[in-house]
Structure formats: structure tokens, C-alpha cells
Amino acid sequence: MELLFVRHGEPDWTTAEIDRADAPLTDRGRAQADLTARRIADEFAPLSEIIASTARRAQETARPIADRMGLPIESFAGLVELGIPSWSGMTTTMVRDTFDQSFNRPHAEWWSGIAGGESFRDFHERVTGTMLGILSDRGVRPHPDHDHLWSVEEPGRRIAIVSHGGTAAVAMALLLGAPPAPWEWKRFRPAHASLSKLAAFPFAESCVWSLQTFNDQEHLPEDVRTRARYLP
């Protein structure tokens, strides 16, 4: 079984209002999405299904993939990125300063998130719960007696999951057995419209997840590549 994590394309935070958490893609982000869809159709077909966050930037990234593959998009609100505070009336510089200040807090305080937003603890529980539900419905479950091993009923499935930097980081940490931490999106940092593939391999009468590729941007020319400085 293969899971192809696709990060959404570049979102349009600059022209949207600061408190608008559901930004669309920029023109460059839409170009990234089209190039990503072409790469997936050329190298990762056939897909069994396409799963996406309900956020607009993820939906707009998933749409070209769905159109090329002739598949519907199954959407999950639980895959949306970490909820940020409402910053109505704040400039972009003020928002960036707030993020910078939050990064300098003692690590024990990181689980609380940023004041007014979703806590990292709630975010982690939301994403892992959603992922476990998605996988369980497709016959993929943690082994009841052995940490980091999984049972996989249909090993031939190939699923694209279009989401966010933080969401994908939490999901990959779950599958790879990394201890949970409120900075998972710092140790796994996919760029916009990048591809990261995990494959389940038979091991000890079960399966183990293996990270095959991470942050693959080979389908994007250098002048089209972008990476968010902050979480969204």
C-alpha cells in the first residue's frame, strides 16, 4: 500500500484579509497544482482514490489531480491545518512577529499553541484520530500487540492525500512511529505542492511503513518552488 502526501500549492495570504484562514491559491499556486497533477498522472497512476482537507487551498490543489485521474475527491475536515487565531486588523508584519515570539517560548509551552488559536495538543489528536479513522475504513490498522506494526488488508491500494504542512507532518510521524511533539511540522517540512510517499512493506507477519520519498519537487521548475515560512 502506498500513501502519497501532497502539500497544497502556494496560498494567497497577501491579498486575502489577515484573518481569512481559508485562502485560495495564488496564480503560482495554481500552476504548481497543475504541474503536480501532471506528475502524479505520469508516475503514480493508477490511484485508488484522492483524499483532501476541506480547506480551499487543498481542494484547489486536489482538483487538477482528480480531473486527470477521473476520480472524485473525498474530503475530511479533520485534515485541515492547525487553527490559527483571528487576526482581524493586524498587518502581515504584526502576524509574523506573533509567530516569531511564539517560537521563542520554552518548549513545554508549545503544546498550548498560540493564544486564541487551536492548541497543538488538540490539533494532534484531531489529525491522528482522523487518519486512524480513514485508514481503518480501508482495512489498515495498528497491530494490537506490537508498536509501529500495522495490518493492511489491501496492499495494492495507492491513495493521494492532499493536505497541509502540519497535517502531513503529524500523519507521517504517526505512521513512522515517531513520538508525538508539538513541533512535528518543524521536523517534517514539505514545500508547497511537494510529494512525500510512504509505503507499507510486509514485516513480521504484519507491515511496517517506510518513508520512500520526502519533499519531492522534481516536477516544479526552480522559479515555481515556494516554501511557507510559517505553518499554513
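Located above this text is the structure these notes cover.
Residues numbered from 1 in each chain as written. Predicted model: local features only at pLDDT ≥ 70, side-chain atom pairs only at ≥ 80, totals over all residues. Heavy atoms only, no water.

Engineer: Could you give an account of the packing of helix α4 (residues 120-137) against helix α5 (residues 165-176), naming the residues involved and the relevant values?
Structural biologist: Taken N-terminus to C-terminus, the directions of α4 and α5 make an angle of 65 degrees; their axes are 9 Å apart at the nearest point. In this structure, α4 crosses over α5, and the sense of that crossing is right-handed. Counted together, Phe123, His124, Val127, Thr128, Met131, Leu132 and Leu135 of α4 and Gly166, Thr167, Val170, Ala171, Leu174 and Leu175 of α5 form the full contact between these two elements. Residues of the contact of α4 with α5, tallied by class, amount to 9 nonpolar, 4 polar and no charged. (Axes fitted to C-alpha atoms, helices over the stretch in contact; angles between N-to-C directions. Helix = DSSP H or I, 4+ residues; strand = E, 2+ residues; numbered from the N terminus. Left-handed = near helix turned anticlockwise from the far one by under 90°. Contact = heavy atoms within 4.5 Å. Nonpolar A, V, L, I, M, F, W, Y, C, P; charged D, E, K, R; others polar.)

Engineer: Kindly report on the pairing of strand β6 (residues 158-163), identifying the contributing residues and their values.
Structural biologist: Judged by how many residues are buried, β6 sits mostly within the fold: 5 of 6 residues are covered. The pairing of strand β1 (residues 2-7) with β6 spans 6 bridges and is classified as parallel. Looking across to β6, one finds that leucine 4 is bridged to alanine 160. Across 4 bridges, strand β2 (residues 49-53) lies against β6 in parallel orientation. Opposite isoleucine 50, over in β6, you have alanine 160 as the bridge partner. (Buried < 20%, exposed > 50% of the residue type's maximum accessible area, 1.4 Å probe, protein only. Pairing = 2+ DSSP bridges.)

Engineer: An account of the pairing of β1 is requested, with residue identities and associated values reported.
Structural biologist: Counting buried positions along β1 gives 6 out of 6 residues, so the element sits mostly inside the fold. Burial along β1 is two-sided: the face carrying Glu2, Leu4 and Val6 and the face carrying Leu3, Phe5 and Arg7 are both buried. Relative to strand β7 (residues 195-203), β1 runs antiparallel, the two sharing 5 bridges. The partner of glutamate 2 across the bridge, within β7, is alanine 199.

Engineer: A description of the packing of aromatic side chains should follow, citing residues and the corresponding values.
Structural biologist: The geometry of two aromatic rings is summed up by the distance between their centres and the angle between their planes. Taken as a whole and judged by the stated rule, the model has 1 aromatic pair. Ring centres 6.0 Å apart and planes at 65 degrees place the aromatic pair phenylalanine 188 and phenylalanine 214 in the edge-to-face group. Within this pair, whereas phenylalanine 188 is found in the loop between α6 (184-187) and β7, its partner phenylalanine 214 is found in strand β8 (residues 206-216), the two being separated by 26 residues in sequence. Owing to a relative accessible area of 13%, phenylalanine 188 belongs among the buried residues under this scheme. (Phe/Tyr/Trp six-rings, centres within 6.5 Å; stacked < 30°, edge-to-face > 60°.)

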